[in-house]
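# Structure assessment
As a plain string of letters, each chain reads:
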Amino acid sequence: MTNTRWNEVNLDEVGATGPAGAAVIEALASGESFLAWRRLVVIIEMLAAGMAALGADAGDCARRMIDLEANIAGEVAVGMRVARSTAERHVALAVEARDRLPQSARLLRDGVISLPCFREIVLQTTGVTDGDAIAAVDAAIAQELREIGGVSYGDASNVARRMVAEFDADALRERRRAHSKGVTVSNDVDDATLTIAASVEEIALASKAIDARAARVCKNDSRSCGARRADAALAALTGNKFGCDCGSDNCAVRATDSEIAEEFAKIVVHVIAHESTLNGDSSKAAWFDGFGVIDAHHAREIASRPGTLIRPLDLDAVADCPFQLGNHYRPTAGTDVAMRGVHGTCVFPGCKRPAWGCDLDHVCEYNHEDPAAGGATCQCNLNPKCRFHHLLKTYGEGWIDDQVVDANGVIWTELTTPSGHTVRSRARNQWLLPQLGLIPCKHGRPVAPGVIDAATEPERKRTRTQAKHAQRMQIRSQRRYAMACAKAAATAQYDSAEPPPF
Ligand SMILES: [Zn+2]
Ligand SMILES: [Zn+2]
Ligand SMILES: [Zn+2]
């Protein structure tokens, strides 16, 4: 890439300069999207020019190995310094943008989504073959993504899935059928992996079972979270016992088999679906906690599995009283489910942590001394945050979050970063629980939110510097090991010149 004139472009004109912070980062990301869109347009122009040049012969050329698309992929490959297969994927993406998803592609132009988001939309809509259906799906995806704000990769994926589920349910069902079960093992000595492919419900349950096993250690266990999960899963697969590695005879965690079995019986995965979806009256999609949108048929399949418990969500009860009568700080089970369900994930833009793996946070702090003066335990003031983002909001300097319900009952979250940039996002599953924001509040405005006790801020096990040192030490020891191996190999080669020792 030798064109240095990009350096002369006046970024002021596109708002991509100013104090370093999230606003500039966002403007630059929009610029990347815009350039990716321009590249697709240029490819479309090359295709159009090629077609025009072929004229009446276009039909004859369709079977030729070096057809028009292959020629243009060649141009793209040279321009981008990429392999032919990569260039062909860019050409295919341009054709999708032109023929099937023109409105979604314009989201790229307008910086609403990134190129990986557009690729994901293409992937999610692959099964839609009917021309009218794809036009409807494209229009619906574009409209929704323009409205929701703060679009992440997960949002693009879920919105596309939902529109396919609602306009062409068979397409999603076919994709699910095509996903076959299997176990694969990588043959890479340095990166050995075992992958199990199965349905989302089976994988969700298995993953939680691994978590439950891996959690049975005391605080002196030396392993990282990932290593413990791997050891727990391998122990289960090989029929071995998994335990704490602290080495202490007095370790507090010694689970009996019956205790473990009891824990497994408590493993729950959550799906939020409309009653009309479950009884077959509608094709409205559903939400699988931690995985995202599933189609109506899939939701009904899960509902009919042995062991599935269906609990109706009583929004009248939430409206009546959102908090527990004995403890106004705690939401009722119904309010808790409704708030996790309507947000779907941690509310920080881009965070994918499942709602049921999050803390349910009082956005405006609850005042334990004077509950009526602080933030209310109410649908207007509760949302899920993963532990990290909960701590960041609570103890991080300059992070401000807010939740507002607009006049139409739409729930919005607003996050302001320390540099002063605000991202406004609609509750991700507003479509699933539109009635929730229409419930009137029964409390006054908070006048004296609770105060945060800085002494309760948790500390890292290791400081960032300690963690970096540990990582460097690990890399150094790996290098030394590699050097030792190379030296040993060289010696072995040298020795092989000598007569063998026999
Ligand atoms: Zn222990
Ligand atoms: Zn989070
Ligand atoms: Zn309220």
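What you are looking at is a predicted structure, and each value in this text was computed from that prediction instead of being measured.

What counts as what
Residues numbered from 1 in each chain as written. Chains lettered and ligands numbered in written order. Predicted model: local features only at pLDDT ≥ 70, side-chain atom pairs only at ≥ 80, totals over all residues. Heavy atoms only, no water. Axes fitted to C-alpha atoms, helices over the stretch in contact; angles between N-to-C directions. Helix = DSSP H or I, 4+ residues; strand = E, 2+ residues; numbered from the N terminus. Parallel < 35°, antiparallel > 145°, perpendicular 65-115°, else oblique. Contact = heavy atoms within 4.5 Å. Nonpolar A, V, L, I, M, F, W, Y, C, P; charged D, E, K, R; others polar. Pairing = 2+ DSSP bridges. Donors = N, O, S within 2.8 Å, 3.2 Å for Na, K, Ca; no water. Tetrahedral: all angles 85-135°; square planar, octahedral: opposite > 155°, others 65-115°. Buried < 20%, exposed > 50% of the residue type's maximum accessible area, 1.4 Å probe, protein only. pLDDT = per-residue confidence, 0-100. Polar contact = N/O pair within 3.5 Å; in protein donor to acceptor, adjacent residues only side chain to side chain. Expected span 1.5 Å × (residues − 1). Patch = residues over 30% accessible without salt bridge, like charges linked within 9 Å, V, L, I, M, F, W, Y side chains within 5 Å. Areas by Shrake-Rupley, 256 points an atom, 1.4 Å probe, with all protein chains shown as cover. Salt bridge = Lys/Arg side-chain N within 4 Å of Asp/Glu carboxyl O. 1 Å grid on protein atoms, 1.4 Å probe; cavity = no way out; pocket = protein on both sides within 12 Å on 5 of 7 lines; lining within 4 Å. Points joined across faces, edges and corners; volume = space filled by probe spheres on them. Left-handed = near helix turned anticlockwise from the far one by under 90°. Core = buried A, V, L, I, M, F, W, Y, C linked by side-chain atoms within 4.5 Å.

### A short note on the packing of helix α5 (residues 102-109) against helix α6 (residues 115-124)
Their axes nearest at 9 Å, the elements α5 and α6 cross at an angle of 170°. Between α5 and α6, the crossing angle belongs to the class labelled roughly antiparallel. In contact with Ser 104, Ala 105 and Leu 108 of α5, α6 contributes Leu 115, Phe 118 and Ile 121. For the contact of α5 with α6, the per-class residue count stands at 5 nonpolar, 1 polar and no charged.

### Structural notes on the sheet that holds strand β4 (residues 286-288)
Overall, antiparallel pairing links the 3 strands, which are arranged β3-β4-β5 in an open sheet. Of all strands in the sheet, those bounded by a partner on one side alone are β3 (271-272) and β5 (292-294). Both β3 and β4 contribute to a ladder of 2 bridges, which runs antiparallel. From the neighbouring strand, Ile 272 faces β4, where its bridge partner is Trp 287. The sheet contacts of helix α8 (residues 153-167) involve β4 and β5, and relative to β5 the element is tilted by about 15°.

### A few points about the sheet that holds strand β12 (residues 422-426)
Strand order in the open sheet formed by 3 strands is β10-β11-β12, and the pairing between neighbours is antiparallel. A single partner strand is all that each edge strand has here, and the edge strands are β10 (400-405) and β12. Going from strand to strand, the sheet's axes swing by 20° on average, the running direction of each strand aside. Across 6 bridges, β10 lies against strand β11 (residues 411-416) in antiparallel orientation. The partner of Val 404 across the bridge, within β11, is Trp 412. Lying on the sheet, helix α7 (residues 131-148) is in contact with β11 and β12; it crosses β12 at an angle near 135°.

### Let's talk about the coordination of the zinc ion (ligand 3)
Surrounding the zinc ion (ligand 3) are the protein donor atoms Cys 378 (SG), Cys 380 (SG), Cys 441 (SG) and His 443 (NE2), which sit 2.1 to 2.3 Å from the metal. Considering all 4 donor atoms around the zinc ion (ligand 3), angles at the metal cover 102 to 116° and the coordination shape is tetrahedral. Motif for the zinc ion (ligand 3), donor spacing along one chain: C-x1-C-x60-C-x1-H. Remark: His 443 occurs in the loop between β12 and α18 (464-496) and Cys 378 occurs in the loop between β8 (359-362) and β9 (382-385); sequence separation between them is 65 residues. The exposure class of His 443 is partly exposed, given its relative accessible area of 34%.

### Structural notes on the confidence of the model for the protein
When pLDDT is averaged along the protein, the result is 88, and 88% of the positions lie at 70 or above. Mean pLDDT values for the elements of the protein range from 52 in α18 up to 98 in α5. Predicted confidence is poor over residues 490-502, with pLDDT under 50, and the contacts of this stretch with residues over four places away or in other chains come to 0 contacts.

### Re the side chain of Lys 385
Here Lys 385 shows up in strand β9. Owing to a relative accessible area of 0%, Lys 385 belongs among the buried residues under this scheme. Within the structure, the side chain of Lys 385 is placed 2.9 Å from the side chain of Asn 383, a separation counted as a polar contact. In this structure the side chain of Lys 385 is engaged in a polar contact, spanning 2.7 Å, whose partner is the side chain of Asp 401. Leave out the neighbours within four places in its chain, and Lys 385 touches Cys 346, Val 347, Phe 348, Cys 358, Asp 359, Asp 361, Val 363, His 390, Lys 393 and Asp 401.

### Quick word on helix α4 (residues 84-99)
With 16 residues, α4 should reach 22 Å at 1.5 Å per residue; the first-to-last C-alpha distance of 22 Å fits that figure. Taken residue by residue, α4 has Ala 87, His 90, Val 91, Leu 93, Ala 94, Val 95 and Ala 97 as its buried positions. Lining the buried residues of α4 we find α1 (22-54), α3 (68-80), α5 and α6.

### Observations regarding a nonpolar patch on the surface
Taken together, the side chains of Trp 6, Val 9, Leu 11, Val 14, Leu 28, Phe 34 and Leu 35 define a hydrophobic patch exposed on the protein surface, amounting to about 640 Å² of accessible area. Tracing the sequence through the fold places Leu 11 in the segment before α1.

### Looking at the coordination of the zinc ion (ligand 1)
The protein atoms that coordinate the zinc ion (ligand 1) are Cys 218 (SG), Cys 244 (SG), Cys 246 (SG) and Cys 251 (SG), at distances of 2.3 Å. Of note is the zinc ion (ligand 1), whose 4 donor atoms meet at the metal with angles of 103 to 115° in an arrangement that counts as tetrahedral.

### Some points on the layout of surface pockets
As a volume, the second largest pocket reaches approximately 1,200 Å³. What lines the second largest pocket is a set of 34 residues, among which Val 271, Ile 272, Leu 309, Ile 310 and Arg 311 lie closest to the centre. Partitioned by chemical class, the residues of the lining of the second largest pocket number 24 nonpolar, 6 polar and 4 charged.

### Considerations on the packing of α3 against α4
The contact between α3 and α4 brings their axes to 8 Å, and the two run at 120°. In this structure, α3 crosses over α4, and the sense of that crossing is right-handed. The residues of α4 that touch α3, namely those facing Glu 69, Ile 72, Ala 73, Val 76, Ala 77 and Met 80, are Ala 87, Glu 88, His 90, Val 91 and Val 95.

### Thoughts on the nonpolar core
With 54 residues, the main nonpolar core has Val 91, Ile 113, Phe 118, Ile 121, Ile 141 and Leu 145 as its most contacted residues. Those elements that place two or more of their residues in this core are α1, α3, α4, α5, α6, α7, α8 and α9 (169-178). Not counting chain neighbours up to four residues away, the residues in contact with Phe 118 comprise Leu 40, Leu 93, Ala 97, Leu 101, Ser 104, Ala 105, Leu 108 and Ile 113. Val 318, Ala 338, Met 339 and Leu 382 belong to the second-largest nonpolar core, a separate cluster that totals 12 residues.

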